[in-house]
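# Architecture at a glance
If you want the building blocks of each chain, they are given just below.
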Amino acid sequence: MSEQNSFDIVVVGGGPAGIMAAQHASKNGKSVCLIDRKEKIGYPVRCGEGIGLKGFGISNSIRDEWIRCRVNTLELFAPSGKSVSIRNGFNGFVVDRIKMETDMTNEAVQDGTCFIAGTEVTDAFANKNIYSCVTSKGTFTCKCLILADGIESRIARNFGWKTALSLNDIHTCATAVVSNIAIKDDSCALYLGQKKAPGGFIWIFPRSDTSANIGLGISGKYSTPGKPMELLNNFLSAHFPKATITEVHAGGVPMGRWVRPLVKDGVMLVGDAARQMNCLNGAGINYSLFAGKAAGIIAAQSINGDTCNHKILKRYEKIWAREFGKQQERSYALKEAMIHFTDDFMNEMADSILMQKEGKMSLMKLFLKAFSSKPFLMYKVYKLFSS
């Protein structure tokens, strides 16, 4: 094996989690290779590109050039069409993920990461604590392997993880960039209803006051081939009939509990591959940034000469569980309860909330009201939004 293809750490997958893992492992003095199957960094974008102010601040520093819009309001539309505005505690950004991930990747390379784009890892295996990743550009070996290869994470199966998701734990999604429209550039919108998005929701995240990322996710239990795209087209035709629609994509978003264990011997899971996301809304950028950073630092600490201390790697799971694990578990419990909400119930809740004083509603108050007859879930709501 050529020494040029041998590294301390190999990271498979160049999304936010993988990039952060590679960068922080390199910063800590280890030889790192980042392999991504995409030719273009960050593309295609299959999310609203939204991230909370608090979530981003934990792991990285937001830059002005990454920000498309600053949002301070969430507009929730009930099936009836009535809307509830939530301003208290709602602050975040809509970012340019391609710009952000490109800059982050370039910085990782400057820190010493070897970046290989447009290359898929077709197989991976272990031999005496050395891990090999097989690609069309050769086989790359390492002492520690970090898998950030997305929801399907085929490579994780090679090391004993069961990566299949139940239909309840996946949303099938369709997304588009929609322009030539008039919207508020400081407000995100969510549309609820079993007819519009069964078991899920439609989102509008502004890119400017004339364009937005608009997408739809529905529970896998209600999905059939082509249904997400059909429902998204129905929504766009009804609400934005004169819009220009580009960048249309479809895919799955994990909505299940985080994977246990996160580490097996010298292999670590991060990001969507580890199911690290908010199960209520599928948001995962902040989780991925945190998990990638933690995994990269711990992986670097585990390497000593020609060996990797697998016991040190297990610290990563403890760090994740302490920071986000319980929060994610609570979001899963709430998602499981909300999937049974009927349109009539959501309409009644909207009518009740609209009787509140303007500006007094927050996400916590909304969910506490929704689960007022379920004390255990009310406790989870309180802990989710107060932690």
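Anything mentioned here points back to the structure above.
Presented here is an overview of the structure given in this document. (Residues numbered from 1 in each chain as written. Predicted model: local features only at pLDDT ≥ 70, side-chain atom pairs only at ≥ 80, totals over all residues. Heavy atoms only, no water.)

It is worth spelling out the overall build of the chain at this point. Each helix and strand in the chain was counted, giving eleven helices and 20 strands. At a minimum sequence separation of 6, the contacts of the chain that also span at least 24 residues come to 70%. Accessible surface computed for the chain: about 17200 Å², of which carbon and sulfur atoms make up 50%. (Helix = DSSP H or I, 4+ residues; strand = E, 2+ residues; numbered from the N terminus. Contact = heavy atoms within 4.5 Å. Areas by Shrake-Rupley, 256 points an atom, 1.4 Å probe, with all protein chains shown as cover.)

Our focus in this paragraph is the sheet that holds strand β7 (residues 92–95). Strand order in the open sheet formed by three strands is β3-β7-β4, and the pairing between neighbours is antiparallel. In the strand order of this sheet, the two ends are held by β3 (50–52) and β4 (67–71), each with one partner. With strand direction ignored, the average angle separating the axes of adjacent strands in the sheet is 25°. Taken together, the four bridges between β4 and β7 define a ladder with antiparallel strand orientation. Paired with R70 across the strands is F93, a residue of β7. (Pairing = 2+ DSSP bridges. Axes fitted to C-alpha atoms, helices over the stretch in contact; angles between N-to-C directions.)

The subject of this paragraph is unusual backbone geometry. Excluding glycine, residues mostly have negative phi values, and the peptide bonds linking residues are mostly trans. Residues Y43 and P44 are joined by a peptide bond in cis, for which omega reads 0°. Take P44: it is sitting in the loop between β2 (32–35) and β3. Phi is positive for E49, which is not a glycine, with a value near 65°. By the element assignment, E49 lies in the loop between β2 and β3. One non-glycine residue, K128, lies in the positive phi region at around 55°. Following the sequence through the fold, K128 ends up in the loop between β9 (123–127) and β10 (130–135). On the basis of relative accessibility, which here comes to 78%, the residue K128 falls in the exposed class. (Buried < 20%, exposed > 50% of the residue type's maximum accessible area, 1.4 Å probe, protein only.)

Let us look at the environment of S223. Mapped onto the secondary structure, S223 falls in the loop between β15 (211–219) and α5 (227–239). Residues S223 and A197 lie 26 residues apart in sequence; the distance between their C-alpha atoms is 9.8 Å.

What the rule picks out here adds up to 16 salt bridges. Taking the shortest distance from any N to any O, the salt bridge between K82 and D351 comes out at 2.9 Å. Separated by 269 residues along the polypeptide, K82 in the loop between β5 (73–77) and β6 (83–86) and D351 in helix α9 (residues 343–353) bring together distant segments of the chain. K82 sits in the partly exposed class, given a relative accessible area of 41%. You can call D351 partly exposed: its relative accessible area is 34%. What you see here is one network of salt bridges that share partners, running through E49, R68, D96 and R207. (Salt bridge = Lys/Arg side-chain N within 4 Å of Asp/Glu carboxyl O.)

What follows concerns the side chain of R275. Within the element layout of this structure, R275 appears in the loop between β18 (267–269) and α6 (285–302). D272 provides the closest opposite charge to the buried, unpaired R275, separated from it by 7.2 Å. Setting aside chain neighbours within four positions, we find R275 in contact with I151, T163, A164, L165, P254, G256, R257, W258, V259 and Q328. (Lys, Arg positive; Asp, Glu negative; His and termini not counted.)

With their axes 9 Å apart at the nearest point, α6 and helix α8 (residues 315–338) run at an angle of 165° to one another. What the angle tells us is that α6 and α8 run roughly antiparallel. In the crossing of α6 with α8, the sense of the turn from one axis to the other is right-handed. Contacts between α6 and α8 involve Y287, F290, A291, A294, A295, I298 and Q301 on the former and, on the latter, R315, Y316, I319, W320, E323, F324 and Q327. A per-class count over the contact of α6 with α8 returns ten nonpolar, two polar and two charged. (Parallel < 35°, antiparallel > 145°, perpendicular 65-115°, else oblique. Left-handed = near helix turned anticlockwise from the far one by under 90°. Nonpolar A, V, L, I, M, F, W, Y, C, P; charged D, E, K, R; others polar.)

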